[in-house]
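# Structural overview
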Amino acid sequence: MRSLIVASASDAAVWVEHLRRNLPGRSIRCWPDDVGDPAEVAYICAWKAPPGALGRFPNARVVFSLGAGVDHILADPALPKLPLVRIVDADLTQRMTEYVTLHTLMIHRRQRAYDAQQKARVWHELAQPAARDVAVGIMGLGVLGKDAAEVLRRIGFRVAGWSRSPKTIAGIETFDGAAGLDAFLARTEILIALLPLTAATRGIVALPLLRKLNRDGALGGAHLINAGRGGLQIDADILMALDQGVLASATLDVFPTEPLPNDSALWTHPRVTITPHNAAWSNPAALAEGIARQIARFEAGQPLEGLVDTASGY
Ligand code: NDP
Ligand code: OXD
């Protein structure tokens with residue numbers, strides 16, 4: 001009665017392979033074709049499992065999210081009342097920081113404008129502000145937001161972060177809660193969303209919020225990077241913000257509907273950069289090891305790490 005089941009909408013066989021490697025001798029099952037006896041399952045490893053799947057295992061003891069976000073799990077009304085653990089992993093954090101740094105620098109160093117100049121064979125140097133004059137603001141100062149903030153600060157940007165509870169991070173200006181949001185937005189030129197999707201954050205990246213960003217800073221416009229969750233943003237508002245000059249550009253890794261529908265105007269907007277929800281890939285080789293370590297802790301009576309507070313949704 002200590003088997004694991006993988007219920008994942010992507011790469012399920014790869015997860016099974018890596019979990020087998022890290023948990024030798026343990027039965028590793030796979031939803032929906034190799035469930036075996038549901039009563040034998042003690043651990044559920046899930047990524048966008050079909051609704052209802054998570055409620056089928058009467059003796060399950062822990063649910064592991066195969067990613068940092070858990071909105072896909074909490075959305076299942078059949079989710080059993082069990083400890084829910086999310087991924088906190090140095091490999092995933094590093095990948096997200098790479099993504100955020102890349103796209104912040106693409107904006108800061110005006111790379112899209114140079115791409116256009118290259119196409120037109122134009123040799124022309126554009127004005128380049130110093131990083132110390134550019135205000136970057138990160139919504140979400142958790143595992144991912146804090147790491148990205150520290151790297152961007154090291155590069156020289158004026159970095160601030162916004163979170164639910166107050167934080168002190170050396171060299172980073174911090175804001176919190178509803179009371180801190182407007183001041184955070186008013187100083188921010190490049191807004192980076194690294195929030196989880198919860199009842200409180202759904203749809204937060206909308207036109208009224210974008211209008212509060214600083215358009216008069218060193219970059220001469222406001223820019224958005226969303227690598228958190230698509231449900232944070234209202235696509236139509238982002239398009240409106242771009243067309244009204246509220247936003248100078250949008251870099252989007254995540255969308256309310258994924259894959260991004262073929263007819264979305266975001267695909268062809270000249271000031272939109274799209275990536276296919278790959279800012280920080282959950283690497284099964286790295287993450288299966290962490291799950292095995294957590295199971296060992298749990299079975300030794302030690303507390304689980306990365307426990308989700310299901311009441312706040314992250
Ligand atoms: P954490 O749980 O460590 O951090 C979440 C942060 O968001 C915390 O600082 C928290 O505040 C803040 N927050 C939550 N709710 C609110 C709110 N209502 N108002 C203000 N701040 C809020 O998460 P991670 O940093 O590990 O990951 C963040 C998200 O990134 C994930 O939930 C996932 O959706 C997304 N992600 C995207 C990936 C991709 O490839 N695009 C890959 C991996 C993750 P406080 O510190 O006060 O609790
Ligand atoms: C995650 C993701 O949450 O890949 O880990 O989005």
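To be clear, the structure that these remarks concern was listed above.
Attention here is on the structure that accompanies the text. Everything numeric here is computed off the predicted structure, so don't read it as measured data. (Residues numbered from 1 in each chain as written. Chains lettered and ligands numbered in written order. Predicted model: local features only at pLDDT ≥ 70, side-chain atom pairs only at ≥ 80, totals over all residues. Heavy atoms only, no water.)

### Quick look at unusual backbone geometry
- At the junction of tryptophan 31 and proline 32, the peptide bond is cis and its omega measures out at 0° in the coordinates.
- Within the secondary structure, proline 32 is located in the loop between strand E2 (28–30) and strand E3 (41–47).
- A cis geometry characterises the amide bond from glutamate 258 onward to proline 259, with omega recorded as -5°.
- Along the chain, proline 259 turns up in the loop between strand E11 (249–252) and strand E12 (272–274).
- A positive phi angle, close to 55°, is found at arginine 110, a residue other than glycine.
- Tracing the chain through its elements places arginine 110 in the loop between helix H3 (90–108) and helix H4 (111–119).
- Residue arginine 110 is classed as partly exposed on the basis of its relative accessible area, which comes to 25%. (Helix = DSSP H or I, 4+ residues; strand = E, 2+ residues; numbered from the N terminus. Buried < 20%, exposed > 50% of the residue type's maximum accessible area, 1.4 Å probe, protein only.)

### Here we look at the nonpolar core
- In terms of nonpolar packing, the biggest core is built from 50 residues, with Val6, Leu19, Ile138, Ile192 and Leu194 touching the most fellow members.
- Counting contributing residues per domain, this core is built from domain 1 (3–87 + 282–299) and domain 2 (93–274), each supplying no fewer than three.
- If we ignore the near neighbours within four places in the chain, the residues touching valine 6 are Ala12, Trp15, Val16, Leu19, Ile28, Arg29, Cys30, Trp31, Cys45 and Leu66.
- Formed by 32 residues, the second largest nonpolar core is a distinct cluster that contains Leu197, Leu232, Leu242 and Leu266. (Core = buried A, V, L, I, M, F, W, Y, C linked by side-chain atoms within 4.5 Å. Domains from an automatic or database assignment. Contact = heavy atoms within 4.5 Å.)

### Here we look at the environment of arginine 211
- The topology assignment puts arginine 211 in the loop between helix H7 (207–210) and strand E10 (223–226).
- Taking the relative accessible area as the measure of exposure, arginine 211 reaches 44% and is therefore partly exposed.
- Filtering out sequence-adjacent residues up to four positions away, arginine 211 remains in contact with Gln244 and Val246.

### Some remarks on the side chain of threonine 97
- Checked against the element boundaries, threonine 97 lands in helix H3.
- Once residues lying within four places of it in the same chain are set aside, the contact partners of threonine 97 are Asp147, Ala148 and Val151.

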